[in-house]
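Here's the letter readout for the chains.
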Amino acid sequence: MSQESPTHPPVTKTEIGGWACFDFANSSYVTVVITVIYAPFFAEHIVPAESGLRTSYWSLAIAISTLIALTMAPLVGAICDLSGNKKRYLIATTLVCSVATMLLSMVGPGDIEFAIILVALSYATFMLSESFCGAFLTDIATPKNMGIISGIGWGVGYFGGIASLLMVKALVTADPATDLPLYIEQNQTAMGATGLFFLVAALPTFLLVKNRTAPKPGFEEAALGTLFSEGFKQLKSTLANAKEHDTFFKFLRAFLFYYAGMSACISFSGIFAKVELKLATGELVMFFLVIQLCSAIGALLFGFVDKRFGPRSTVLTTIYLWILGSLLMAGLDPIANFLGTSPKTVFQFTGFILGLGVGSMQSSSRAVAGLLAPAEKSAEMFGFWGTFARLATLLGMAFGPLADFLGSLQLACLLLVIFFGIGAFLLSRLDLDGAIQR
């Protein structure tokens, strides 16, 4: 699948490393803002203490960003294929995400609307950039090594999460119980630093990765309006002829459900740790540092498992890990009582299981999308992959209102079990390995 020409020499390890640097860079955003630091900070200090909608407000921010990304991803992907300039869109979405993240440093307690707007804008462009990054897989990888290269990217990415968490740990040192104003100020500074970290760490990708996809004939110098018009026509054509890509869209149907469970867990795990276990910021950071390391190991390990046993078996294995972890989270207190240990210990053990699963699930799913996507429509098809990922995120946001309604984050974890179960059932009925071989 990787392309060669006089102007684009064979793909080198340096270029693959440059591509993987983007996973390193964008992991800082999703780790710090969406998962570990800003989500619980938002729920505890941006939303007033008397509000009963803390997790619902966070669900709203994620839902808005998801709606933006899922409506834009396929269209922008089609435009990207026409123009042949994936890097331009990758750079643009990265810039918007990083700047919006920096602006979170200006959000204070009670600024709920401002926070929701910035989180929605930054997360939407993060998700779009993730699709553009994935679209490069068909250029730099072959069917034989795509799972491994995708795994390398995700594995390296988690070290970006580790680096950004260490940075935040050094910046946020105040105890909110004794010096709340300083604690708030330090969290604001951390958001500015995270946005800058993302932008700087992505520079190797912008410098080293080449645009290997040629513009479609007649669109070499096309204006943006022309690209939008033709991109919309191409998108309609792909949807009208969806049966030509039957396996791809059936895979996305399964992906929708199991990714909804994972998205909910990622978006609310920081809030879960703060609310259910009362973890201090330092404890939270150290716990998620270990999770990031497990995720890196899982992504790299399952990249080789993918090569040996095939993508279907690899993804199903990771789904089963998530079902086990979700059941442990749903029964955290009774399981801890039965074992004679603390809920925190059970949660830490659960985190290790989910850590191994999260990296491999994301890596293997991206590799499957790359293997099923036609090279000439890679950005458009990865746009659909991004759209279903966003739909999954939107579906997963039902976790927030459900937790508020039940008055229990633990009981709400049973919803995750349902999502993963449906995803595993749909995937088990799909001859994914046979479709890829053809």
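Rules behind the numbers
All chains use their own residue numbering, which begins from 1 and follows the written sequence. Restriction of local features to residues with pLDDT of at least 70 applies here, the model being predicted, together with a cutoff of 80 or more for giving and counting side-chain atom pairs; totals for whole chains, interfaces and linings are based on all residues. Computation of side-chain values covers all heavy atoms of the structure but excludes hydrogens and water. Runs of E in the DSSP output that reach at least two residues are strands. Runs of H or I that reach at least four are helices, and both are numbered from the N terminus. Exposed residues in this analysis have more than 50% of their type's maximum accessible area, buried residues have under 20%, and partly exposed residues fall in between, with area computed by a 1.4 Å probe over protein chains only. Contacts were defined at the residue level, with two residues in contact if any of their heavy atoms lie within 4.5 Å. Buried Ala, Val, Leu, Ile, Met, Phe, Trp, Tyr and Cys residues that are joined via side-chain atoms within 4.5 Å together make up what is termed a nonpolar core. Each patch groups residues whose relative accessible area exceeds 30% and which form no salt bridge, using 9 Å between like charges and 5 Å between nonpolar side chains of Val, Leu, Ile, Met, Phe, Trp and Tyr. For the area figures, the Shrake-Rupley method with a 1.4 Å probe applies, and any residue is considered shielded solely by the protein chains shown. Salt bridges are counted wherever a side-chain nitrogen of Lys or Arg sits within 4 Å of a carboxyl oxygen of Asp or Glu. Classification of ring pairs rests on two measures: the distance between centres of Phe, Tyr or Trp rings, Trp counted by its six-membered ring, which must be within 6.5 Å, and the angle between planes, read as stacked under 30 degrees, edge-to-face over 60 and tilted in between. Lines are fitted to the C-alpha atoms to define the axes, a helix being fitted only along its stretch in contact, and any angle between axes, read from their N-to-C directions, falls within 0 to 180 degrees. Angle categories are assigned with fixed cut-offs, so that under 35 degrees is roughly parallel, over 145 is roughly antiparallel, 65 to 115 is roughly perpendicular, and the rest are oblique. Crossing chirality is assigned from the near helix's rotation relative to the far helix, an anticlockwise turn below a right angle marking it left-handed and a clockwise turn marking it right-handed. When residues are sorted by character, Ala, Val, Leu, Ile, Met, Phe, Trp, Tyr, Cys and Pro go into the nonpolar class, Asp, Glu, Lys and Arg into the charged class, and all the rest, Gly among them, into the polar class. Each residue gets a pLDDT score, which is the predictor's confidence in that residue and runs from 0 to 100. Any N or O atom pair separated by 3.5 Å or less is treated as a polar contact, with the protein-specific requirement of one donor-capable and one acceptor-capable atom, and with residues adjacent in sequence counted only for side-chain atom pairs.

A. Region of the structure containing the overall build of the protein chain. Of the regular secondary structure elements, the protein chain holds 20 helices and zero strands. Looking at the 438 residues of the protein chain, the share that counts as buried comes to 60%. For the protein chain, the proportion of contacts with a sequence separation of at least 24, taken over those separated by at least 6, is 84%.

B. Structural context of the nonpolar core. Judged by nonpolar contacts, the single largest core of 126 residues is most densely connected at Tyr-38 and Trp-58. Counting residues per element, this core draws most heavily on helix 11 (residues 246-277), at 19 residues. If sequence neighbours within four positions are ignored, Trp-58 has contacts with Val-33, Ile-34, Tyr-38, Ala-39, Phe-42, Val-119, Ser-267, Phe-268 and Ile-271.

C. Summary view of the environment of Thr-93. Looking at the secondary structure, you find Thr-93 in helix 4 (residues 86-103). The spatial distance from the C-alpha of Thr-93 to the C-alpha of Phe-126 is 6.8 Å, given a sequence separation of 33 residues. Once residues lying within four places of it in the same chain are set aside, the contact partners of Thr-93 are Thr-125, Leu-128, Ser-129 and Phe-132.

D. The arrangement of a nonpolar patch on the surface in detail. On the surface, Leu-196, Val-200, Leu-203, Leu-207 and Leu-208 cluster together into a nonpolar patch covering about 460 Å² of accessible area. Looking at the nonpolar patch, the elements that each hand over two or more residues are helix 8 (180-201) and helix 9 (203-208). No other element matches helix 9, which puts three residues into the nonpolar patch. By the element assignment, Val-200 lies in helix 8.

E. Representation of the packing of aromatic side chains within the structure. This structure, assessed with the given rule, holds 14 aromatic pairs. Arranged with centres 5.3 Å apart and planes meeting at 50 degrees, the rings of Phe-42 and Trp-58 form a pair that is tilted. Here Phe-42 is found in helix 2 (residues 38-46), whereas its partner Trp-58 is found in helix 3 (residues 54-83), with 16 residues between them in sequence. The pair Phe-42 / Trp-58 is uniform in exposure class, with both members buried. Ring centres of Tyr-123 and Phe-126 lie 5.8 Å apart, and the angle between their planes is 20 degrees; this geometry places the pair in the stacked category. With Tyr-123 and Phe-126 both in helix 5 (residues 112-135) and three residues apart, the pair spans about one turn of that helix.

F. Highlighting the packing of helix 4 against helix 5. The contact between helix 4 and helix 5 brings their axes to 8 Å, and the two run at 155 degrees. Comparing their axes, helix 5 and helix 4 come out roughly antiparallel. Note on packing geometry: the crossing formed by helix 4 with helix 5 is left-handed. Residues Lys-86, Tyr-89, Leu-90, Thr-93, Thr-94, Val-96, Cys-97, Ala-100, Thr-101 and Leu-103 of helix 4 pack against Leu-118, Leu-121, Ser-122, Thr-125, Phe-126, Leu-128, Ser-129, Phe-132, Cys-133 and Ala-135 of helix 5. Of the residues contributing to the contact of helix 4 with helix 5, the split by class is 13 nonpolar, six polar and one charged.

G. A look at the confidence of the model for the protein chain. Chain-level pLDDT for the protein chain is 80 on average; 79% of the residues reach the 70-or-more range. This model gives residues 1-6 a pLDDT under 50, and the stretch forms 21 contacts once residues within four places in sequence are excluded.

H. The arrangement of the side chain of Thr-350 in detail. Tracing the chain through its elements places Thr-350 in helix 15 (residues 343-372). For Thr-350, a relative accessible area of 1% translates into the label buried. Within the local environment of Thr-350, its side chain forms a polar contact with the backbone oxygen of Val-346, the two atoms lying 2.8 Å apart. In this view, Thr-350 contacts Gly-325, Leu-328 and Met-329; residues no more than four positions away in its chain are not counted.

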